[in-house]
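# A structural walkthrough
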Amino acid sequence: MIILTIPRLLWLYLYVAPDQPHAVKGTLDLRQGEVIKKHSIRLEGEWEFYPDTLLTPGNEKNSLRTQYIRIPGDWKTSTENVHTYGFGSYRLRILVEPGKDRIYGLHLPDANVSSKIYVNGKPLGGQGKPAEKRQHYTPSNAPYTAYFTAEHTKEIELVIQVANFDHPLKGGLVAAPTFGLLEPFGKHQRLAEDTVLIACIIYLFHAVYSVVLFFVGNKDRRLLYFALVIVCAVLGTLIGENLLFQWLPLSFEWGIKVICLAELLSGYVLLQCIKHLLPDTVRTKWSRRYAMLCALLALAILCLPASYNLVVKGFYEIVMLVPCLLAVFFMYRAAKQVDKDRIFLLFSIIAAVNSLVWLLITKKLALDILSYPIDLIISLTFFAAYWFKKYFRLLDQSQQLTGELREADQLKDQFLATVAREVQQPLNSMLHIARAVKEREKSKLDKASAGDLDFMQTIGQGMFAQLSDLVDLERLKENRLTLYQKEVSVQAAAAAVFDMLRYMAGGKTIKLTHRIPAGFPLVWADEERLTQILFNLLHMALKHSETGEAAVDAASKDGWAEISVAGGGIEGRFRSKGLALEEQPAEHGGFGLELTICRQLVELHGGTLRIHTHSDKGAAFVFTLPTADPNTQPETAASREPQQKAAFESDGFLAADKQPSATDPIRLLAVDDDPVNLKALESIFSTAPYCIVTAADGPQALAMLKTNEWDAVIIDTVMPEMSGYELTRTIRESFSIAELPVLLLTARSQPEDIIAAFLSGANDYISKPIEGVELKVRVDTLTHLKRAVSKQLRLEAGWLQAQIQPHFLFNTLNTIASLGEIDPARMTHLLEEFGNYLQRSFTSKNLERLVPLEHELELLRSYLFIEKERFGKRLAIIWDIDPAIKISIPPLSIQPLVENAIRHGILKRIEGGTVRIRLTDQGDQIEAAIIDDGVGMDEETIRQALATPSKQGHGVGLYNTNRRLKQLYGQGLDISSQPGQGTVILFYIPKQPNA
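Model, not experiment: these values are computed from the prediction. (Residues numbered from 1 in each chain as written. Predicted model: local features only at pLDDT ≥ 70, side-chain atom pairs only at ≥ 80, totals over all residues. Heavy atoms only, no water.)

## Observations regarding the packing of helix α21 (residues 698-707) against helix α22 (residues 724-732)
Taken N-terminus to C-terminus, the directions of α21 and α22 make an angle of 20°; their axes are 10 Å apart at the nearest point. Between α21 and α22, the crossing angle belongs to the class labelled roughly parallel. The handedness of the crossing between α21 and α22 is right-handed. Residues G698, A701, L702 and L705 of α21 pack against L727, T730 and I731 of α22. Residues belonging to the contact of α21 with α22 are distributed by class as follows: five nonpolar, two polar and no charged. (Axes fitted to C-alpha atoms, helices over the stretch in contact; angles between N-to-C directions. Helix = DSSP H or I, 4+ residues; strand = E, 2+ residues; numbered from the N terminus. Parallel < 35°, antiparallel > 145°, perpendicular 65-115°, else oblique. Left-handed = near helix turned anticlockwise from the far one by under 90°. Contact = heavy atoms within 4.5 Å. Nonpolar A, V, L, I, M, F, W, Y, C, P; charged D, E, K, R; others polar.)

## Regarding helix α28 (residues 895-906)
Taking 1.5 Å per residue as the helical rise, α28 with its twelve residues ought to reach 16 Å, and the 15 Å between its terminal C-alpha atoms agrees with that figure. Across the twelve residues of α28, ten count as buried, placing the element largely inside the fold. (Expected span 1.5 Å × (residues − 1). Buried < 20%, exposed > 50% of the residue type's maximum accessible area, 1.4 Å probe, protein only.)

## As for the sheet that holds strand β23 (residues 742-746)
Spatially, the five strands line up as an open sheet ordered β21-β20-β22-β23-β24, and their pairing is parallel. Unpaired on one side and paired on the other, β21 (690-695) and β24 (764-767) mark the two borders of the sheet. Each strand axis lies, on average, 20° off the axis of its neighbour in the sheet, ignoring direction. Note that strand β20 (residues 666-671) and β21 share six bridges and pair parallel. Considered in β21, the bridge of I666 is made with Y690. On the sheet, α21 packs against β20, β21 and β22 (712-716) and is oriented at approximately 135° with respect to β21. Relative to β23, α22 is tilted by about 175°, and along the sheet it contacts β20, β22 and β23. (Pairing = 2+ DSSP bridges.)

## Points about the pattern of salt bridges
One pass over the full model with this rule turns up 19 salt bridges. Measuring nitrogen to oxygen at the nearest pair gives 2.7 Å for the salt bridge that ties K313 to E317. Placement of the pair is K313 and E317 together in helix α10 (residues 313-336), with a separation of four residues, close to one helical turn. Taking the shortest distance from any N to any O, the salt bridge between R918 and E927 comes out at 3.4 Å. By relative accessible area, which is 23% here, R918 ends up partly exposed. (Salt bridge = Lys/Arg side-chain N within 4 Å of Asp/Glu carboxyl O.)

## Considerations on the pairing of β22
Regular strands show a simple pattern: their side chains alternate between the two faces of the sheet. Counting buried residues in β22 gives five out of five residues, a clear majority hidden from the surface. Neither face of β22 is exposed, since A712, I714 and D716 on one face and V713 and I715 on the opposite face are all buried. Relative to β22, β20 is paired through four bridges, and the arrangement is parallel. Residue pairing in the sheet places A670 in a bridge with I714 of β22. Relative to β23, β22 runs parallel, the two sharing four bridges. Opposite I715, over in β23, you have L744 as the bridge partner. After leaving β22, the chain enters α22 and then returns to the sheet as β23, a path that is right-handed. (Right-handed = clockwise from strand over helix to strand, strands pointing away.)

## Remarks on a nonpolar patch on the surface
Among the surface-exposed residues, V208, V212, F215 and V216 lie close enough to one another that they form a single nonpolar patch of about 400 Å² accessible area. Mapping V212 onto the fold places it in helix α4 (residues 182-216). (Patch = residues over 30% accessible without salt bridge, like charges linked within 9 Å, V, L, I, M, F, W, Y side chains within 5 Å. Areas by Shrake-Rupley, 256 points an atom, 1.4 Å probe, with all protein chains shown as cover.)

## Observations concerning the packing of aromatic side chains
Tallied over the entire structure, the rule returns twelve aromatic pairs. Measuring from centroid to centroid gives 5.0 Å for F685 and Y690, while their planes differ by 70°, and the two rings are edge-to-face. Residue Y690 is classed as buried on the basis of its relative accessible area, which comes to 13%. Measuring from centroid to centroid gives 6.0 Å for F758 and Y765, while their planes differ by 85°, and the two rings are edge-to-face. Judged by relative accessible area, which is 41%, F758 ranks as partly exposed. Ring pairs connect the aromatic residues W47, F49, W75 and Y90, which therefore count as one cluster. Sitting over the face of the ring of Y68, K25 holds its NZ or CZ atom 5.3 Å from the ring centroid. Positioned above the aromatic ring of W879 is the side chain of R861, whose terminal nitrogen or guanidinium carbon lies 5.7 Å from the ring centre. (Phe/Tyr/Trp six-rings, centres within 6.5 Å; stacked < 30°, edge-to-face > 60°. Lys NZ or Arg CZ within 6 Å of the ring centre and 35° of its normal.)

## Let's talk about the packing of helix α27 (residues 853-871) against α28
Across the interface, α27 lies against α28 with an axial gap of 9 Å and an inter-helix angle of 20°. Our classification of the angle between α27 and α28 gives roughly parallel. Between α27 and α28 lies a crossing of right-handed hand. Here E856, L859, L860, Y863, L864 and E867 of α27 lie close against α28, whose contacting residues are Q895, P896, V898, E899, I902 and R903. Along the lines of polarity and charge, the residues of the contact of α27 with α28 split into seven nonpolar, one polar and four charged.

## Quick notes on the sheet that holds strand β2 (residues 41-42)
Strand order in the open sheet made by the four strands is β2-β11-β6-β9, with antiparallel pairing throughout. Edge strands, defined here as strands with exactly one partner in the open sheet, are β2 and β9 (144-149). In this structure, strand β6 (residues 103-108) lies alongside strand β11 (residues 178-181), joined through four bridges in antiparallel fashion. Within the sheet, the bridge partner assigned to L106 lies in β11 and is F179. This element, α4, spans β6, β9 and β11 of the sheet and lies at about 130° to β11.

## Points about the confidence of the model for the protein chain
In this model, the protein chain carries an average pLDDT of 77, and 78% of its residues clear a pLDDT of 70 or more. Confidence drops under a pLDDT of 50 for residues 633-658, and excluding neighbours within four residues, the segment shows 16 contacts in the predicted structure. Counted against residues more than four places away or in other chains, residues 800-804, with its pLDDT under 50, gives 13 contacts. (pLDDT = per-residue confidence, 0-100.)

See the structure below:
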């Protein structure tokens with residue numbers, strides 16, 4: 001309040017008028033002092049008044065009844081006149097200093113309600129037309145300003161005629177005229193008008209800003225109400241300063257109506273603007289009643305004459321003040337609440353109250369001062385700041401809510417797509433199981449049961465297509481759907497769709513027909529998506545039809561194929577929606593998801609989809625697709641059959657190796673936590689040459705990998721405890737990509753999922769829901785590759801074993817020659833063992849997966865006998881083998897390890913050493929150990945020996961043996977060694993391998 005008072009006092013100091021002389025008994029003496037030279041003078045004091053007389057220059061004033069009246073004032077209260085209506089004249093003698101070319105100004109703000117001014121007997125102007133009778137006079141409430149010249153005169157006679165036959169409450173000069181020399185008078189008038197204009201412009205700036213926010217924001221009506229509040233404030237300011245009707249030439253009647261309507265409007269819009277601050281009962285109940293009251297009063301103002309409106313004008317002002325008082329009260333109550341924004345309301349209230357207090361002070365003290373708009377501007381500015389800040393906060397919240405709703409909509413789409421994918425998989429599993437049951441029990445099923453299974457599969461395929469639409473919709477929204485375009489036959493696609501939909505017609509008498517001409521060119525499209533488009537369109541035609549025909553037709557023009565799907569249900573659907581059947585975009589048909597998917601798929605191909613009506617054929621869906629290269633011959637069934645037959649008969653992988661059989665099946669390990677999915681996989685691979693075993697989680701699968709040999713592993717990516725990606729990475733620690741293929745089943749096919757699958761070490765992936773034929777083809781490809789690699793490893797082992805070192809051969813022959821001279825018996829024995837060694841090194845058994853343990857030991861005994869004859873006491877052999885062990889082991893798995901121990905361990909020492917061969921039965925497995933006390937190895941040498949093949953090209957080496965053991969049993973060699981202390985090599989052989 002103190003801060004607001006300081007500029008107010010400064011304004012008073014600068015613009016308040018000094019003490020001015022007052023008229024006494026009809027005379028105002030302005031000859032003394034400098035006041036008139038610097039300021040304009042308010043002509044207040046005692047004027048001569050001539051009631052019921054309109055003075056003119058020819059009247060004899062001395063013969064008229066004269067009385068004195070104080071101006072400003074109502075002639076009813078200032079005289080003995082008991083009537084407000086009437087006419088009369090005011091006269092004032094102004095004494096001035098004579099001068100040459102002196103120009104004076106006179107401003108008459110208000111005379112109820114018509115006036116005419118005479119200066120020195122000459123008419124100067126006025127308001128309306130005063131007259132002695134009502135029918136001759138014209139009322140006006142517009143202020144009037146005039147200028148006149150008084151040369152070399154000491155006295156100015158001012159006569160003002162006034163008449164009132166319309167204002168029932170007051171009449172006469174209710175406001176004192178203003179008089180002065182041209183320069184100070186004009187300066188004062190301009191300053192007063194400019195001050196009001198500046199204030200109104202500032203007010204209107206807030207109004208325009210509110211309107212702009214309304215149109216660019218969320219269309220909050222309170223913004224418009226706030227703008228109207230400001231407009232009403234501008235009208236009130238202009239009316240209060242008597243400027244509105246000076247600029248707007250309205251009749252007295254309409255001027256009064258505008259003033260009353262502005263008062264009512266200001267109250268109503270202020271209430272609407274602060275409604276959110278009111279209690280619920282006031283906001284809902286009483287605000288509605290107040291609005292009805294304002295509407296009735298506005299109607300009354302328009303219908304009643306000005307005199308009646310002036311009588312009840314006080315009631316209008318009371319109605320206007322109700323929202324004002326409510327605004328002050330509730331704004332103050334809101335400002336007391338703990339909210340940093342409410343401080344603006346408090347400042348607004350303080351400024352408004354300060355303006356009201358000073359208005360009362362100036363009225364009470366009758367101060368002549370320019371209008372002071374700063375308090376109201378500050379009040380309005382603070383209120384606008386509060387309101388705009390609140391609006392922007394609400395706008396931010398609205399935008400945040402919009403973002404949350406948009407995110408929720410995206411989550412909804414993702415949820416629907418996720419649910420669709422989750423439902424697709426069990427549905428697909430049901431279809432596979434039904435297909436497997438039909439194939440397995442086809443000899444036992446009667447025709448009706450087989451037909452029911454076919455019907456169930458057809459319904460399931462339709463449901464599957466609907467779920468696929470939901471998944472595709474998400475992909476289309478995220479621009480993740482990729483087309484694989486190629487040359488496609490429309491006839492073949494339509495025929496396939498007809499087969500799928502034939503059962504879906506149910507009991508309807510609908511004929512499915514395609515009229516695509518023979519030799520119709522191929523289209524350049526994604527075959528799967530073309531089938532989906534035709535299926536959806538035909539399905540809609542069937543769904544909304546009971547009888548008639550659903551047909552597919554096609555025509556080619558200018559490199560485009562125009563394909564139409566007609567059916568009576570399309571037209572019926574439009575009629576039910578009340579839509580016109582003229583040609584129009586398809587999305588206006590109201591068919592929902594299926595049509596939306598079709599339209600977007602067609603547009604992805606570069607075509608268009610629309611609905612077209614024929615007068616004789618009904619409505620039809622029409623879509624366009626680009627045709628293939630004109631040089632491409634149309635595809636026919638006859639041309640496709642030999643190609644398909646050749647494709648099925650020629651299989652490079654199958655020709656490269658022997659076919660799997662019942663004795664050597666394709667061994668698959670399926671890992672999934674969902675029993676339904678596992679059952680579906682078992683159904684898909686239920687026939688020869690597959691042998692499938694299932695695991696419910698990753699740890700169980702890892703345990704099974706260690707006990708059996710597998711051709712491929714099928715893993716679901718989403719599993720508890722250990723995900724499919726983690727399981728794949730763990731498998732890759734023991735098996736390379738070629739040694740054990742891994743195929744991942746994923747519910748998503750986004751790029752990040754595909755990248756994650758391959759980075760984890762998967763050979764391939766397939767998206768759910770899985771298609772049995774596709775899964776079989778992918779599994780066959782991977783298993784044929786794996787078996788080819790396994791065979792290559794066995795060939796490599798056999799080939800490496802066959803590459804007998806020249807030194808070993810020459811040294812053996814030299815030993816035989818030496819013994820021939822000194823010990824022929826030993827020579828003969830050595831020749832026999834050497835022959836056995838060569839025979840077992842070159843036998844075809846070394847190319848098999850497993851051989852009897854005795855076969856491997858015989859090769860080892862022959863080798864060790866030769867080496868013992870060569871090195872004598874430098875080589876000691878300890879056999880620690882349980883004779884009860886009967887097992888099959890990989891060929892060339894023990895002998896290469898013993899050879900490695902002798903060559904690189906024992907013989908590196910001058911004194912030689914001992915090799916111990918130990919086979920121990922550990923219950924479910926056999927432990928094989930080769931122990932030597934040779935020179936040993938460090939960790940880096942062990943790592944390199946297992947990681948890279950032998951660079952010398954001699955011997956099988958640790959690398960090949962380790963790989964083959966890993967491939968067969970899931971774990972390779974376990975080597976522990978210390979330089980100078982010897983080496984221990986261990987590996988384990990399950991007793992019951994998966995043969």
